[in-house]
Amino acid sequence: MVEEERLRGWEHATAYPLTGLSLLFIGVYALPVLDPGLDPAWRRACELADVVIWSIFLVEYLIRLRLAKHKTRFIRTHWFDLAVLILPVLRPLRALRLLNALRVLNRHAVAWTRGRLAVYVISATVLIVLIAALAVLDAERGHPDSTITSYPQALWWAICTITTVGYGDLYPETVEGRLVAVALMIGGLGLIGFTTGSLASWIVDRLSDADRPTGAATRADMVLLLHEIRKLRAEVEALKETQRDADH
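What counts and what doesn't
Residues numbered from 1 in each chain as written. Predicted model: local features only at pLDDT ≥ 70, side-chain atom pairs only at ≥ 80, totals over all residues. Heavy atoms only, no water. Helix = DSSP H or I, 4+ residues; strand = E, 2+ residues; numbered from the N terminus. Buried < 20%, exposed > 50% of the residue type's maximum accessible area, 1.4 Å probe, protein only. Contact = heavy atoms within 4.5 Å. Salt bridge = Lys/Arg side-chain N within 4 Å of Asp/Glu carboxyl O.

Bringing the side chain of Ser146 into the picture now. Topologically, Ser146 is positioned in the loop between helix H6 (114–140) and helix H7 (151–162). Taking the relative accessible area as the measure of exposure, Ser146 reaches 14% and is therefore buried. Apart from the residues lying within four places of it in its own chain, the contact partners of Ser146 are Glu140 and Glu173.

This paragraph deals with the pattern of salt bridges. This model, assessed by the stated rule, comprises two salt bridges. The partner of Glu60 in a salt bridge is Arg64, and the shortest N-O contact between them spans 2.8 Å. In this pair, Glu60 and Arg64 both sit in helix H2 (residues 40–67), four residues apart, roughly one turn of the helix. Classification of Arg64 by relative accessible area gives buried; the value is 1%. Measuring nitrogen to oxygen at the nearest pair gives 4.0 Å for the salt bridge that ties Glu173 to Arg178. The class of Arg178 is partly exposed, set by a relative accessible area of 47%.

Quick look at the environment of Tyr167 now. Along the polypeptide, Tyr167 turns up in the loop between H7 and helix H8 (175–211). Residue class for Tyr167 comes out exposed when judged on its relative accessible area of 58%. With ten residues separating them in the primary sequence, Tyr167 and Trp157 have C-alpha atoms 8.6 Å apart. Not counting the four nearest positions on each side in its chain, Tyr167 is found in contact with Trp156 and Cys160.

Right, dumping it as structure tokens:
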């Protein structure tokens, strides 16, 4: 149990620093994508920062693995964390590292109220759309047959994909771009499921509130109950008087 407490303490202590690193990654990843003519020195600085951030996430994962009492179960239950570290070997897929921030925030989301959770999901969805647009543009820009050649086009494609509209006017041609599309489609289905579930839950709560007795009815019940109590007390007093008279 001591190991598990240390693991939880480590995760709590590193939650916000890791989120900050993930957000910093957005900047160092987006800058070269949005500005193809970026100065080589700045481009090298962004690539170096990318490697440093990835290394920090790798070390953090290894520390958590070291603190876990059951290593095999930790790897099995945290397979997504490991996949985010290993899979993005191709540059466009490095955007998956943003999911580290969402993973960290998700630890706290389970205890949030429905309103705060809705804000979290909406914000996460917007962030995923923006990053997916960057990733698909990074993958498609150099392809000769690509229909996605600018960030506005990539953003339009990402919005159509995550909402499952799919007009078909813009589509990825590269393997990396299609992998980004698959991830975005899955995210869109999850968003629809959450929205539908939240709406159904809200409707059920409203109907339950409507079936509950109103404040006026509750007060009337209290008055009736007090009246019955007074009657019982009077009857008890009368019985006591009768008993005293019988004793005399």
